[in-house]
Number of protein chains: 2
Amino acid sequence: MGAIDTAAFLRDLYELREIGRFRSGVHRPTYSPQDMQARRWLVERLTACGLVASIDGIGNVYGRHPGPGPHLLVGSHIETQNEAGWLDGALGVMAGVALARAGLPVDVCAFADEEGHFEGGFLGSRSIIGELSDEEIDRSRNRTDGMPLRDALRAAGLEGRARMGLEPGRHKGYFELHIEQGTQLEGSGLRLGVVSGIVAIWQWRIVVEGQQDHAGGTTMAERRDAGLAAVRLLAAVDAEFPGIAGERSTWTTGRIVLTPGAPSIIPGRAEVLFQFRDVSVPVLERMEVGLRALVRESNRRERCSVTVEQIARAIPAVCDPAMMAALEGAAEELAPGAWQVMPSGAGHDAQVLARRMPAAMLFVPSIGGVSHHWAEDTKDEDLALGVEVLGEAALRVLGR
Amino acid sequence: MGAIDTAAFLRDLYELREIGRFRSGVHRPTYSPQDMQARRWLVERLTACGLVASIDGIGNVYGRHPGPGPHLLVGSHIETQNEAGWLDGALGVMAGVALARAGLPVDVCAFADEEGHFEGGFLGSRSIIGELSDEEIDRSRNRTDGMPLRDALRAAGLEGRARMGLEPGRHKGYFELHIEQGTQLEGSGLRLGVVSGIVAIWQWRIVVEGQQDHAGGTTMAERRDAGLAAVRLLAAVDAEFPGIAGERSTWTTGRIVLTPGAPSIIPGRAEVLFQFRDVSVPVLERMEVGLRALVRESNRRERCSVTVEQIARAIPAVCDPAMMAALEGAAEELAPGAWQVMPSGAGHDAQVLARRMPAAMLFVPSIGGVSHHWAEDTKDEDLALGVEVLGEAALRVLGR
């Protein structure tokens, strides 16, 4: 087994960056022509490394190592958010290619739609572990333009193609190299993050119902302003959650929509998308209890009514201790003192693969913490270090 | 001069209701085919009452009393909000027709686009008092679909038509009968409101700039969440304004927009449309001082920056005491004890006419306070009482 060819690895990344180029980033929404072009390019790369490559019915690109095991699975995703970064996902896929090129017994996979362009989320990784039904595919639509997933698959030439599953017992574990998408490594002057676990997102839709009315003709005392009730509830969450949440929890309101949304009309309805994240289930449950208590209090005091609907309730994924130890050992060997253990605040395919096999992730720094933006970037030397540490850890896990 | 024929008045209203009918209301956006049909219908009604009727270049429908003065001007507007009520505006116009039919020396006018379908606001009444330039008409577009006002005027057959002005000194005053569009009369069991003044709307656009970022990968301590800063500011306004505002002031946030508005992305920008209203300029100024102080405080404390832009700064219009006294006397005569003096929380053409002549308004109750909605309604007997009191007040003002 040869050393990792980091020059070829970087060349691969830069070549992939040209597919769907947008400023210094890329625009490769799932199943778009650019995305399918990237998938076909990846099939060529995998084949050139001696893997048997194919694209399945949900768009997963899989390169199977033809030799004997034990094997590891290495991968990430290859589509991008709209007008976003060149490394998010691509890094982990090309790292897999680099390990295969070096002769390691790895399968490499780019799991389709980790970025969630279509309803459902993690379609590719859930499909490969057998947790994506045909009915769910039938129902799923593009979150931006509503296009049915079936139509997108058809347009991408994937209709009728079988969806692959994992071969039980084939892999000792799953490794994913990824950019941090935060500022903790950069802020601490570190070069690597060994991920302890992947937070779960509990996503909520909060709906406030009031009474639409004339902003001038309706007195303050009689109005039932759904927007105001929403603001008061969110202000209460802002005040209370620090005392409820865990040390590394995050909670975020991404969207507020008032209806009708006209300057002179008291909103009769408000809809809020609010989520919180943590790597610990008891903490998530505590935050849920807190949220529901604040909603109850709002309903007790306000003239508007608030309902809460949970639209996602993922399970945190804990990374495998043995695989983590391999990453820690490799990191300390190649970059002594320049790494730390840390959770992942973002979701990844690793959290899905973790339901079927030991899984672990390795982070490299994000410059300025920027991600989901075309300015996303990481220094070449940190990318190279990342794939070298991944390769060394893989050898340790494989017992070499 | 005969008594007001309330049966004919009600018949007129019900006939007008059929033009652009939508459920129990009407859909007559300014310059639409239905609106132009209503204006032509009005020309016929005015002519039938002996007035010299015309439609001018901005769509004002004017019926000029051919006999000697002194004259009064009586009117309102005839277009409607989308899918809205049958009385808002129509009531005051048909009341003018009823007074003319009874032989009172009144001109009757339906001022175009009081409802503000096109940018600028109060286009018809501002035009007739000489405060609407051709340049402003050139710039104005429909607020919903962006159609240039010039195109709408052309399509309505009004291109090239001259715009009329008031004849200075012709009118002793302007009377407008209107539905209350609130619940104060109904809530107090009263049948009439003599309006003391028309509130001014001071409209603000508040923009918060933060940093768009990943909801999971960005810690609570480092994020610059523009949506959260907006919520905190609005919560502060909610807490402070009761102590700043006047007794009858209203303040309303009609719209909040977070950008990008995605569930897993920290908003980098928030835009809020906030307005307050009062009939007293010192109170409006106090609320402005209060708003700016809260914005300053936000900029002192938060990691996001807030800017405030005023997009409307109207002047409150005080109603004429002599005309109010005439209305009060007529109300007490025809409905003793069943009336009150009250401000108008909504804008009306009267506030524009008040810049040129004494002006006064009379309110009738709104059932359930509903307006700007097809369910808007008032009992026939209250409509009839309103036009009778208006006629009696007109006689008093004219010295008969």
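Below, the structure is looked at part by part.

About the cut-offs
- Residues numbered from 1 in each chain as written.
- Chains lettered and ligands numbered in written order.
- Predicted model: local features only at pLDDT ≥ 70, side-chain atom pairs only at ≥ 80, totals over all residues.
- Heavy atoms only, no water.
- Contact = heavy atoms within 4.5 Å.
- Buried area = accessible area lost by both parts, 1.4 Å probe.
- Salt bridge = Lys/Arg side-chain N within 4 Å of Asp/Glu carboxyl O.
- Polar contact = N/O pair within 3.5 Å; in protein donor to acceptor, adjacent residues only side chain to side chain.
- Helix = DSSP H or I, 4+ residues; strand = E, 2+ residues; numbered from the N terminus.
- Nonpolar A, V, L, I, M, F, W, Y, C, P; charged D, E, K, R; others polar.
- Buried < 20%, exposed > 50% of the residue type's maximum accessible area, 1.4 Å probe, protein only.
- Pairing = 2+ DSSP bridges.
- Axes fitted to C-alpha atoms, helices over the stretch in contact; angles between N-to-C directions.
- Parallel < 35°, antiparallel > 145°, perpendicular 65-115°, else oblique.
- Left-handed = near helix turned anticlockwise from the far one by under 90°.

Listed per partner, the contact involves 46 residues of chain A and 47 residues of chain B. In this assembly, chain A packs against chain B so that about 3700 Å² is buried in total across both faces, 54% of it on carbon and sulfur atoms. Applying the counting criterion to the chain A and chain B interface returns 2 salt bridges. Note that R232 of chain B is salt-bridged to D238 of chain A, the shortest N-O span being 2.6 Å. For the interface between chain A and chain B, the tally reads 18 residue pairs in polar contact (both at pLDDT 80 or more). Counting only elements with at least two residues in the side of chain A that touches chain B, the list comes to β9 (200–209), β10 (213–214), α8 (226–244), β11 (250–259), β12 (265–266) and β13 (269–278) of chain A. No other element matches β11 of chain A, which puts 8 residues into the side of chain A that touches chain B. The residue inventory of the side of chain A that touches chain B, partitioned by class, reads 17 nonpolar, 21 polar and 8 charged.

On to the pairing of strand β17 (residues 359–364) of chain B, then. Residues and elements named next belong to chain B. With 6 of 6 residues buried, β17 lies mostly within the body of the structure. Neither face of β17 is exposed, since A359, M361 and F363 on one face and A360, L362 and V364 on the opposite face are all buried. In terms of strand pairing, strand β7 (residues 171–179) meets β17 through 6 bridges, oriented parallel. Bridging across to β17, F175 finds its partner in A360.

Let us look at the sheet that holds strand β14 (residues 305–313) of chain B. Residue and element names in this part refer to chain B. Strand order in this open sheet of 4 strands is β11-β13-β9-β14, and the pairing throughout is antiparallel. The two strands at the open ends of the sheet, each matched to only one other strand, are β11 (250–259) and β14. Sheet twist, expressed as the mean angle between neighbouring strand axes with direction ignored, is 15 degrees. When β11 meets strand β13 (residues 269–278), the two strands line up antiparallel, connected through 9 bridges. Directly across from L258, in β13, lies its bridge partner A270. Of the strands in this sheet, β9 (200–209), β13 and β14 are in contact with helix α9 (residues 281–301), which crosses β13 at around 155 degrees.

Before going further, it helps to spend a moment on the packing of helix α10 (residues 321–334) of chain A against helix α12 (residues 380–397) of chain A. All names here are of chain A. α12 packs onto α10 with a crossing angle of 130 degrees between their chain directions and a minimal axis gap of 8 Å. It follows that α10 is oblique to α12 by the angle criterion. Where α10 crosses over α12, the two elements pack in a sense that is right-handed. On the side of α10, the interface is formed by M323, A326, L327, G329, A330, A331, E333 and L334, while α12 contributes L385, E388, V389, L390, E392, A393, R396 and V397. Its residues assigned to classes, the contact of α10 with α12 shows 11 nonpolar, 1 polar and 4 charged.

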